[in-house]
Amino acid sequence: MAFTLCTRQSGVYSFCRNVLPLNFRRHATGGNVFADGDTVLLKYFRRGQDDAEVLVKLRKGGEVHTGRGRTYHNELIGKSPRDHLKSSSGSRIRVMEPTLADYCRLTPRLCTPIYPWSANTIVSALDIHLPEIGDSETPPLEILESGTGHGSLTLHLARAIHGANPPRPRVPSSSTPERNMEDATYNGHSADDVFEHTMSEWKKNRRAVIHTVDNRPNHAKRGKEIVRGFRRGLYADNVEFHVSDVSSWITREQERRESEEPFLSHVVLDMPSAQAHLSTIARALRVDGVLAIFNPSITQIGDCEKRIRLEALPLTQDQVIELVSPRPWDLTCTVPRSIRPREYPSTQTSAVETETVDVPTEELCTEESVTPETENAGDRSAQSVMNAERVEPDSVMICRPKFYTGNTGGGFLGVWRRMHLRTVEEMTKTQG
Ligand SMILES: C[S@@+](CC[C@H](N)C(=O)[O-])C[C@H]1O[C@@H](n2cnc3c(N)ncnc32)[C@H](O)[C@@H]1O
């Protein structure tokens, strides 16, 4: 199929927006099947072993090697979310579409990301409200993040603003599979030219955008790859990536806009020496905009508050909170061993398996009705459950915090709001 350059003037812009087919699936949710290029989460279950999980980007002919055997990508391609298969060593594997949290936790990293629970709290602290579609009075929401790092917080922010933007144009690029070379040009314009042009037109109509800045090119590049890799770039076009020091970027941006008027709705910092950038940020933040600073140490938040006071910056403290990860719990329904008849058909080994209603009983790990953790650790609460009196029906609940070894991160969040300059002047006069 041939296509033409999409401009408002050419009159085919709306044709491109509405009619051109998008020949690739974006991700598997909604009954689709996994394809070459998708990222999938493999969950391993094996008799007497904990579950393990691996994130894999599918490519034809590829293989996954783990301590639980080998799996071929070709077997995964064509599967739907929650389908099962077995590894070469017989481990049962469930193939899943990774959640945003899975993806941020398990992608290979160059620096420490903000972990999903903290990222959600930070997004909530910004109190983002999206402009309504069609509202041309309100300026677009522009949120600055520094540094990009792993791209974890970037993805959470990009998801939060996604609803503000019009649907992405359905335009094929040369990387779109199933497109013939002879189809890839029209009137001398390559498919990539058409794609770039249409995307830049679309970007002008965005109602919300995340500007993410990192002064280390390798971190910026990895962050961009991470954002683009999630569900085939579902949220990527809500983000502009910049390689720069954060203060320099703001100054350049104000020059480019030929205005010293504040243009940022909110700012989020996760970087060392955040206090060094506060005066530049305060100049660019709109009145009542939120400045959220994440730091591993409370004294770093203190350094920011001190700098705000020393320089009489127009920022007022809203809250300072410690981000503590929620503790996962094991909630397992089981029959106490003390009362279990020999022939009792035990059906579960872990909380994860408990929700596996779609798996035939004979496929479940059936050796024990308590988790391997319980067996190994001799956990006292589980022991008391095993010694419990018979109840009707026979099953009881094991409720205990999980032994969670994954790094869940922690830290402190300082939240300030931009004041009117006159408020600061009045305050300074009163104090003086
Ligand atoms: C801890 S990482 C950020 C992780 C990120 N929030 C995430 O969720 O994945 C800190 C980043 O700040 C960047 N950085 C440090 N100083 C900076 C500066 N002056 N301007 C911009 N980025 C900076 C570092 O290169 C690093 O990538």
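Numbers given to residues run from 1 along each chain, matching the order in which its sequence is written. At least 70 in pLDDT is required for a residue's local features to be given in this predicted model, at least 80 for side-chain atom pairs to be given and counted, and no such filter applies to totals for whole chains, interfaces and linings, which use all residues. Processing note: side-chain calculations cover all non-hydrogen atoms of the structure and skip hydrogens and water entirely.

Caption draft 1: Geometry of the overall build of the protein. In terms of regular secondary structure, the protein is built from 14 helices and 17 strands. Three labels apply to residues, based on accessible area from a 1.4 Å probe with only protein chains included: buried if under 20% of the type maximum, exposed if over 50%, partly exposed otherwise in between. Taking all 432 residues of the protein together, the buried fraction comes to 46%. Here the analysis covers contacts within the protein between residues at least 6 apart in sequence; of these, 69% occur between residues at least 24 apart. For every accessible area listed, the method is Shrake-Rupley and the probe measures 1.4 Å; residues are considered covered only by the protein chains on display. Per element, the accessible surface of the protein, about 22,100 Å² overall, is 49% carbon and sulfur. Secondary structure is summarised from DSSP: a helix means a run of H or I of at least four residues, a strand means a run of E of at least two, and numbering begins at the N terminus for each. In this description, contact between two residues means that some pair of their heavy atoms is separated by no more than 4.5 Å.

Caption draft 2: Layout of the environment of Ser118. Mapping Ser118 onto the fold places it in helix α4 (residues 116-126). With relative accessibility at 6%, the residue Ser118 sits in the buried group. In sequence terms Ser118 and Gly409 are 291 residues apart; their C-alpha atoms lie 8.0 Å from each other.

Caption draft 3: The arrangement of the site of the ligand in detail. For this purpose, a residue is taken to be near a molecule or strand whenever a single non-hydrogen atom of the residue falls within 4 Å of it. Around the ligand lies a shell of 24 residues, among which His150, Asp214, His219, Asp245 and Asp270 are the nearest. Any pair of N or O atoms that falls within 3.5 Å is considered a polar contact. Within protein, one atom must be able to donate a hydrogen and the other to accept it, and sequence-neighbouring residues count only if both atoms are side-chain atoms. Ser152 is positioned such that a nitrogen or oxygen atom in its backbone is 3.3 Å from an oxygen atom of the ligand. In terms of residue class, the shell around the ligand is built from eight nonpolar, twelve polar and four charged. Each residue is assigned to one class: nonpolar for Ala, Val, Leu, Ile, Met, Phe, Trp, Tyr, Cys and Pro, charged for Asp, Glu, Lys and Arg, and polar for all the others, Gly among them.

Caption draft 4: Broad picture of unusual backbone geometry. The omega torsion of the bond from Ser146 to Gly147 falls at -10°, within 30 degrees of zero and hence cis. On the secondary structure map, Gly147 appears in the loop between β7 (141-146) and α5 (152-161). A positive phi angle is found at Arg232, which is not glycine, with a value near 50°. Following the sequence through the fold, Arg232 ends up in the loop between α7 (217-229) and β11 (239-243). Even without being glycine, Ser273 reaches a positive phi, approximately 50°. Examined against the element boundaries, Ser273 turns out to sit in the loop between β12 (264-269) and α9 (278-284).

Caption draft 5: Region of interest: helix α8 (residues 246-256). Buried within α8 we find Val246, Ser247, Trp249, Ile250, Glu253 and Gln254. Mapping the buried residues of α8 onto a view down its axis gives an arc of 160°, with all of them on the same face. Facing away from the buried surface of α8 by more than 90 degrees, the exposed residues are Glu255 and Arg256. Summarising the contacts, the buried residues of α8 are in contact with β7, β10 (208-214), β11 and α9. Capping the start of α8 is the job of one residue whose side-chain oxygen sits 3.2 Å from the backbone nitrogen of Ser247: Asp245. Regarding the arc, it is the one traced by the directions from the helix axis to the C-beta atoms.

Caption draft 6: The packing of α4 against α5, seen in detail. Running from N to C, α4 and α5 point in directions that differ by 45°, and their axes come no closer than 9 Å. Compared by their axis directions, α4 and α5 come out oblique. The chirality of how α4 crosses α5 is right-handed. Residue-level contacts link Pro116, Ala119, Asn120, Ile122, Val123 and Leu126 of α4 to Leu153, His156, Leu157, Arg159 and Ala160 of α5. Along the lines of polarity and charge, the residues of the contact of α4 with α5 split into eight nonpolar, two polar and one charged. Note on method: axes are straight lines fitted to C-alpha atoms, helices fitted across the in-contact stretch only, with angles between N-to-C directions ranging 0 to 180 degrees. Here the word oblique covers every angle except those under 35 degrees (roughly parallel), over 145 (roughly antiparallel) and from 65 to 115 (roughly perpendicular). The hand of a helix crossing depends on one turn: near helix anticlockwise from the far one by less than a right angle means left-handed, and clockwise means right-handed.

Caption draft 7: View of the sheet that holds β11. The criterion for strand pairing is that DSSP finds at least two bridges linking the strands in question. Spatially, β11-β10-β7-β12-β13-β17-β14 is the arrangement adopted by the seven strands of the open sheet, whose pairing is mixed. Looking at strand neighbours, the two that pair on one side only are β11 and β14 (315-323), the edges of this open sheet. This sheet shows a mean twist of 15° between the axes of neighbouring strands, independent of strand direction. Pairing of β7 with β10 involves six bridges; the strand directions are parallel. Across the sheet, Glu145 pairs through a bridge with Thr212, a residue of β10. Lying over the sheet, helix α10 (residues 298-310) contacts β13 (285-295), β14 and β17 (411-418), oriented at roughly 20° with respect to β17.

Caption draft 8: Molecular detail of the packing of aromatic side chains. Stacked, tilted and edge-to-face are the three classes applied to pairs of Phe, Tyr and Trp rings, where Trp contributes its six-membered ring and a pair requires centres within 6.5 Å; stacked means planes under 30 degrees apart, edge-to-face means over 60, and tilted covers the rest. Enumeration over the complete set of coordinates arrives at three aromatic pairs. Feature note: the residues Tyr103, Phe230 and Tyr235 constitute an aromatic cluster, connected by ring pairs.

Caption draft 9: How the structure looks around the pairing of β11. Where β10 lies against β11, five bridges are found, and the strand directions are parallel. Across the sheet, the residue bridging to His211 is Glu240, located in β11. For a crossover, the right-handed case is the one in which the path from the first strand over the helix to the second runs clockwise, viewed with the strands pointing away from the viewer. Handedness of the crossover joining β10 and β11 through α7: right-handed.

Caption draft 10: The arrangement of the pattern of salt bridges in detail. What counts as a salt bridge is simple: a side-chain nitrogen of Lys or Arg found within 4 Å of a carboxyl oxygen of Asp or Glu. Counted under the stated rule, the structure contains 21 salt bridges. Across the pair Glu53 and Arg105 runs a salt bridge whose closest N-O atoms are separated by 3.0 Å. You can see Glu53 sitting in strand β2 (residues 49-57) and its partner Arg105 sitting in helix α3 (residues 100-106), a full 52 residues away along the chain. One network of salt bridges, in which partners are shared, links Lys43, Glu53, Asp102 and Arg105.

Caption draft 11: Looking closely at the side chain of Thr154. Structurally, the position occupied by Thr154 is in helix α5. The class of Thr154 is buried, set by a relative accessible area of 0%.

Caption draft 12: Expanded view of the nonpolar core. Residues Ile122, Leu126, Ile143, Leu153, Leu155, Val268 and Leu413 are the most contacted members of the largest nonpolar core, which totals 38 residues. Where each domain begins and ends follows an automated or database-derived domain assignment. Residues from two domains meet in this core; each of domain 1 (39-96) and domain 2 (107-166 + 205-325 + 410-431) gives at least three. Among the nonpolar cores identified, the runner-up in size contains 25 residues, and Leu144, Phe263, Leu269 and Ala274 belong to it. Buried Ala, Val, Leu, Ile, Met, Phe, Trp, Tyr and Cys residues form a nonpolar core when they are joined through side-chain atoms within 4.5 Å.

Note that every value here comes from positions in space, so none of it alone points to a role or purpose.
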